[in-house]
Each structure stands twice: as structure tokens, then as C-alpha cells.
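The lines below spell out each chain.
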Amino acid sequence: MKFAIIKEVKSPPDRRVVLSPEACCQLLETYPNTEVVVQPSDIRVFKDEEYRALGISVSEDVSDCDVMLGVKEATIDSLIANKSYFFFSHTIKKQPYNRALLKAILDKNITFYDHETVTDSRGNRLIGFGYYAGIVGAYNAIRAYGLKFGGINLPNADSLKDGKELEEELKKIKVPAIKIVVTGTGKVGTGVKEILEILKIKEVSVNDYLENEFNEPVYVQLDALDYNARKDGQELDKYDFFENPSEYESTFMRFAAVSELYIAAHFYGEGAPYIITHDNTKSDTFNIKVIADISCDIDGPVAPTIRPSTIADPVYGYNPETSQEIDYKDAKAIVVMAVDNLPCELPDNASRGFGNMFLKDVIPAFFNDDKDGVLQRAKMTENGKLTENFKYLQYYVDGKE
């Protein structure tokens with residue numbers, strides 16, 4: 001088996017990589033009959049020399065490799081026919097801008113695995129950058145508050161070498177006595193929580209958060225049923241919410257009335273109630289001044305997220321009166337941070353963490369006959385056709401929807 005670490009070619013450039021130099025060495029030590037070839041790149045967080053120094057081959061020509069490993073979408077003209085590929089394709093939700101890419105994958109008889117479709121037998125995702133999205137998203141949330149109100153001076157996260165430097169910057173600041181509401185308790189939410197704990201911000205219960213005032217910054221982390229309730233008043237478990245989302249309505253406004261900063265770290269399922277609507281923001285009781293939308297669903301459950309922002313220009317203002325964008329320094333503006341590629345700001349840590357997961361949960365499947373079905377579940381295309389689990393994409397590929 002011969003693996004290729006392909007160069008990232010999408011614009012804006014992405015410095016992350018599936019396997020760090022050390023991860024490549026671990027792969028070769030565990031499976032001695034394996035080879036790894038790294039395509040040279042002048043943007044990758046790890047330099048070509050770092051791979052060469054550990055005995056990893058660096059070559060522009062990867063045509064004799066079996067499996068191509070990338071992070072973001074490959075370009076159509078870079079795809080090599082009859083190979084296997086891993087990357088985030090952004091096609092499983094029928095994103096129109098990548099229809100041609102998926103069609104090309106089929107036309108070139110590529111066996112394709114999307115990182116997003118790598119799951120265990122219960123459907124839980126095994127690999128991803130969510131934790132680091134949470135880390136950087138929470139950092140950017142605090143930075144955005146400082147940009148709006150002053151008193152907090154943090155540099156851009158992407159100007160820092162790694163997570164250690166980010167932590168050192170956080171230790172230099174003092175967060176005022178604000179209330180911070182966080183939605184989401186998964187990997188993204190775990191990253192958010194870690195940053196808030198570094199800042200020594202106190203976590204409080206839902207009741208304390210809603211009913212009490214504090215002379216220090218506090219936060220509450222909400223699960224789905226903390227801010228959604230059944231319309232008929234029944235109190236059932238969260239599995240009922242996942243199965244019957246249309247039977248629920250948002251109760252988030254009770255948190256919006258007492259919060260200054262909202263960090264959205266949830267996964268939004270189709271059919272679930274919107275968390276914040278445009279009308280909500282017009283209410284006299286809506287108190288949130290800064291929204292850090294890590295989930296970044298445009299024109300979705302967090303209405304002020306009207307577009308993604310960028311690493312270079314991470315915040316914009318939302319005018320609740322007009323539902324339009326304005327200068328974030330405007331007195332009317334709700335500040336929105338909606339960077340949609342947050343882990344790119346910590347490419348070293350994000351790449352190392354992702355590589356560890358890939359080595360643990362994906363690589364063994366190539367050598368144990370895929371005994372746990374990891375590759376079979378993740379495989380979107382094979383022999384020029386969509387696999388059974390992804391046949392729902394056929395009309396999308398054909399341009400019929």
C-alpha cells in the first residue's frame with residue numbers, strides 16, 4: 001500500500017495536512033510494507049524538509065501511489081484516474097458549487113472517501129477538526145468582544161505558532177463580568193469549554209444563569225433540550241428531538257435576554273427550530289451583543305449569520321432593524337464572527353490531532369480487511385458509480401436537482 005500526501009490547491013490556501021512528519025513515521029513503523037510520498041508544498045504548515053529529515057520521500061509525481069490523502073477539495077484537473085482519494089468534498093449536502101467535482105470523481109473511476117463520512121457502526125463521526133474549530137472559535141469570540149467594546153487585546157489566532165502561544169495570549173487578558181451562552185456539547189463544544197476554562201470563566205447551571213446576576217464572567221453550556229421544547233408541552237428525551245425536530249420550538253430567547261456573548265458550537269439538524277430569527281433580534285429583550293457562530297450555517301438557525309467571514313477579516317456587523325450588514329463598530333450592530341475554516345488558524349495542532357485520529361480509526365482498515373466496516377461506510381464512489389448509501393446524490397450529480 002502506497003499513500004500520497006497531496007498538496008492543498010484550493011484558494012484561499014489551507015496549511016493543514018492529514019499526516020504530520022511524525023504521523024508518517026508512525027504509519028511506516030506500524031506497517032513496514034507501506035510507503036508514503038509527500039507532494040512538495042510551500043504553504044503546508046510542515047516544511048518539505050521536515051518530512052525529508054525523517055526519511056519520508058518528497059516528490060511531485062505521486063502517480064504510482066494507491067491512496068491520495070488531502071484535506072480540502074482537490075481540483076478536477078489534479079485528480080488522477082483509477083485511484084483512491086480522501087478529502088472533504090462538500091458534496092454530501094448537494095452543495096451546487098461542487099457538483100462538477102463529484103461528477104469528475106465518477107468519470108475518472110475514482111474510489112472516493114469523504115472524511116465527513118468516516119463513522120463508527122452507530123453513525124458517529126470518527127475524524128474531524130471540530131475540536132480545534134471550538135478552540136479557535138472561542139478565542140475569536142473573546143477577541144470579537146474586545147474589538148467591539150475594548151479592554152481586550154488579542155492578536156489574530158493565525159499569527160500565533162500553536163495552541164501554547166494562543167493559551168499564553170489568553171492568560172494576559174481579563175474578561176469583564178459578562179454572561180456567555182454556548183450551544184453544543186460535542187467536539188466543537190469541548191474545544192470552546194477548554195478556552196473558557198483557560199480564561200477561568202465560571203460555569204453555572206441553567207437556573208443560576210437565568211435567574212442570578214454575577215460580579216464575574218460566567219458561562220452556561222446548553223444541550224439541545226435546554227433551548228428547545230416540544231410544542232405540546234411533553235418532556236421527552238433528546239432522541240425524540242432528533243427524530244421529531246418539527247414538533248419542537250426554540251426557547252433560546254430566555255437566554256438571549258440575559259446574555260452578552262453567544263458562542264454557537266452546535267450541530268444543526270434539518271427540520272430543527274431556528275435558534276435566533278431576524279424578528280428575535282428586533283425584540284427589546286434581545287441582549288446579545290456578540291455572536292461567534294462556529295457552526296456557520298448561512299441564512300440558517302442563527303439569523304445574524306448572513307455570510308461567512310474570513311481569517312483576514314473575521315467580524316462584521318449585523319443591523320437588527322434592517323437584517324443587513326453594517327460596520328461592526330456601529331452602535332446598532334450585533335457583532336458576528338463566522339469564519340468557516342477556523343482550524344486553519346491553528347494548522348499545526350489541528351493537523352497533529354487529525355492525524356492521530358486518522359492513524360487510529362482509518363489506516364488499520366486498509367490492513368485488517370476493513371473488519372469494522374469503516375471504509376465501506378465512508379466509500380461514496382466505486383467503479384464509476386455512487387455506492388448504495390450515497391445513491392441519493394444521483395440526481396444532484398446529473399444536474400436534475
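Residues numbered from 1 in each chain as written. Predicted model: local features only at pLDDT ≥ 70, side-chain atom pairs only at ≥ 80, totals over all residues. Heavy atoms only, no water.

The name given to the chain in an unreviewed UniProt entry is Saccharopine dehydrogenase [NAD(+), L-lysine-forming], with the source organism recorded as Aureibaculum algae. If you open the UniProt record of the chain and go to Catalytic activity (unreviewed entry), you find "L-saccharopine + NAD(+) + H2O = L-lysine + 2-oxoglutarate + NADH + H(+)". The record held by UniProt for the chain lists under Pathway (unreviewed entry) the comment "Amino-acid biosynthesis; L-lysine biosynthesis via AAA pathway; L-lysine from L-alpha-aminoadipate (fungal route): step 3/3." (UniProt positions renumbered as here; feature names shortened; annotations may be inferred.)

Undergrad: Let's hear about the pairing of strand β13 (residues 290-293): which residues, and what values?
TA: Neither face of β13 is exposed, since Val 290 and Ala 292 on one face and Ile 291 and Asp 293 on the opposite face are all buried. The pairing of strand β12 (residues 261-264) with β13 spans four bridges and is parallel. Within the sheet, the bridge partner assigned to Tyr 262 lies in β13 and is Ile 291. Bridge analysis of β13 against strand β16 (residues 334-337) gives three bridges, and the strand direction is parallel. Bridge pairing in β16 links Ala 292 to Met 337. (Buried < 20%, exposed > 50% of the residue type's maximum accessible area, 1.4 Å probe, protein only. Helix = DSSP H or I, 4+ residues; strand = E, 2+ residues; numbered from the N terminus. Pairing = 2+ DSSP bridges.)

Undergrad: So what about the sheet that holds strand β7 (residues 179-183)? Which residues, and what values?
TA: Two pairing modes exist for strands in a sheet, parallel and antiparallel, and in both the strands are linked by backbone hydrogen bonds. An order of β8-β9-β7-β12-β13-β16-β14-β15 is seen for the eight strands of this open sheet, with the pairing classed as mixed. Both outer strands of the open sheet, β8 (202-203) and β15 (324-326), are each paired with one neighbouring strand and no more. Along the sheet, helix α4 (residues 130-149) makes contact with β7, β12, β13, β14 (315-319) and β16, crossing β13 at roughly 155 degrees. Against the sheet, helix α6 (residues 187-198) contacts β7, β8, β9 (218-222) and β12, and its axis sits at roughly 165 degrees relative to β9. (Contact = heavy atoms within 4.5 Å. Axes fitted to C-alpha atoms, helices over the stretch in contact; angles between N-to-C directions.)

Undergrad: Account for the domain arrangement of the chain, with residues named and values stated.
TA: With domains assigned, the chain is organised as domain 1 (2-126 + 348-398) and domain 2 (130-340). Computed over C-alpha atoms, the centres of domain 1 and domain 2 are 32 Å apart. Across the domain 1 to domain 2 interface the summed buried area is about 440 Å²; carbon plus sulfur atoms make up 51%. For the pair domain 1 and domain 2, the interface holds zero salt bridges. Across the domain 1-domain 2 interface, the total number found is three residue pairs in polar contact (both at pLDDT 80 or more). Residues of the side of domain 1 that touches domain 2, tallied by class, amount to two nonpolar, two polar and two charged. (Domains from an automatic or database assignment. Buried area = accessible area lost by both parts, 1.4 Å probe. Salt bridge = Lys/Arg side-chain N within 4 Å of Asp/Glu carboxyl O. Polar contact = N/O pair within 3.5 Å; in protein donor to acceptor, adjacent residues only side chain to side chain. Nonpolar A, V, L, I, M, F, W, Y, C, P; charged D, E, K, R; others polar.)

Undergrad: Now, about unusual backbone geometry: what can you tell me, with residues and values included?
TA: Positive phi outside glycine occurs at His 90, with the angle close to 50 degrees. Its location among the elements puts His 90 in the loop between β5 (84-87) and α3 (99-107). At Asp 299, a residue that is not glycine, the phi angle is positive and equals roughly 50 degrees. Locating Asp 299 in the fold gives a position in the loop between β13 and β14.

Undergrad: Describe the side chain of Glu 345, with residues and values.
TA: With respect to the element layout, Glu 345 can be found in the loop between β16 and α11 (347-361). Arg 143 provides the closest opposite charge to the buried, unpaired Glu 345, separated from it by 6.9 Å. A distance of 3.1 Å separates polar atoms of two side chains, one belonging to Glu 345 and the other to Asn 140. Not counting residues within four places of it along the chain, the set of residues in contact with Glu 345 comprises Val 136, Asn 140, Ala 157, Asp 158, Ile 311 and Val 339. (Lys, Arg positive; Asp, Glu negative; His and termini not counted.)

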